[in-house]
Amino acid sequence: MLCFTRQDPRFLQETGDLNPLRLVTPNAQPGRERLRHLVIGSPDGVRGAIHHLHVLTYAEQREWSRLVTIPDSGILITPEQGEVFSYLLRYRQLR
């Protein structure tokens with residue numbers, strides 16, 4: 001998976017001047033489907049979501065990558081052929 005960062009990511013015709021941030025995408029394993037989870041929010045919110053998924057025994061906290069700062073130019077995620085996307089928006093109460 002590539003995350004492209006650029007001042008104006010809407011114009012992808014000139015791929016030579018994009019600055020990609022390459023994220024590790026492990027190869028698929030036989031008999032297993034690869035699902036990629038992306039949690040975007042404040043550092044505390046992201047850590048809280050990761051902790052909640054850990055408490056639910058869905059994913060160990062150590063399995064997540066380090067937090068990656070999103071640049072001012074934003075991100076553009078390019079999926080693999082045939083992949084789909086679903087988005088869930090939830091709100092959390094600030095303490």
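**Student:** Please clarify how the overall build of the chain should be interpreted in this entry.
**Tutor:** Along the backbone of the chain there are one helix and three strands. When the helices and strands of the chain are listed from N to C terminus, the series reads β-β-α-β. Each of the 95 residues in the chain was classed as buried or not, and the buried ones make up 13%. Of all intrachain contacts in the chain linking residues separated by at least 6 positions in sequence, the fraction that spans at least 24 positions is 51%. As presented, the chain carries roughly 8800 Å² of accessible surface, and 54% of it is formed by carbon and sulfur atoms.

**Student:** How do you make sense of the confidence of the model for the chain when you look at a structure like this?
**Tutor:** Should the pLDDT be low somewhere, the predicted coordinates at that spot are not to be read in detail. Across the chain, the average pLDDT comes to 77, with 73% of residues at 70 or higher. Within the chain, the lowest mean pLDDT, 44, falls on strand 1 (residues 2-5), and the highest, 94, falls on helix 1 (residues 43-55). pLDDT under 50 marks residues 1-12. Its contacts with residues more than four places away, or in other chains, come to 41 contacts.

**Student:** Would you mind showing me how to read the pattern of salt bridges here?
**Tutor:** A side chain of one charge can pair with a side chain of the opposite charge when the charged atoms of the two come close. Counted according to the given criterion, the structure contains two salt bridges. One salt bridge connects Arg-36 with Glu-83, and the closest N-O pair in it is separated by 2.3 Å. Of this pair, Arg-36 sits in the loop between strand 2 (19-22) and helix 1 while Glu-83 sits in the segment after strand 3 (76-78); the two residues are 47 residues apart in sequence, bridging distant segments of the chain. The exposure class assigned to Arg-36 is partly exposed, which follows from its relative accessible area of 30%. What makes Glu-83 partly exposed here is its relative accessible area of 30%. Residue Arg-47 is joined to Asp-44 by a salt bridge in which the shortest nitrogen-to-oxygen separation is 3.6 Å. With Arg-47 and Asp-44 both in helix 1 and three residues apart, the pair spans about one turn of that helix. Residue class for Asp-44 comes out exposed when judged on its relative accessible area of 53%.

What counts, and at which threshold
- Residues numbered from 1 in each chain as written.
- Predicted model: local features only at pLDDT ≥ 70, side-chain atom pairs only at ≥ 80, totals over all residues.
- Heavy atoms only, no water.
- Helix = DSSP H or I, 4+ residues; strand = E, 2+ residues; numbered from the N terminus.
- Buried < 20%, exposed > 50% of the residue type's maximum accessible area, 1.4 Å probe, protein only.
- Contact = heavy atoms within 4.5 Å.
- Areas by Shrake-Rupley, 256 points an atom, 1.4 Å probe, with all protein chains shown as cover.
- pLDDT = per-residue confidence, 0-100.
- Salt bridge = Lys/Arg side-chain N within 4 Å of Asp/Glu carboxyl O.

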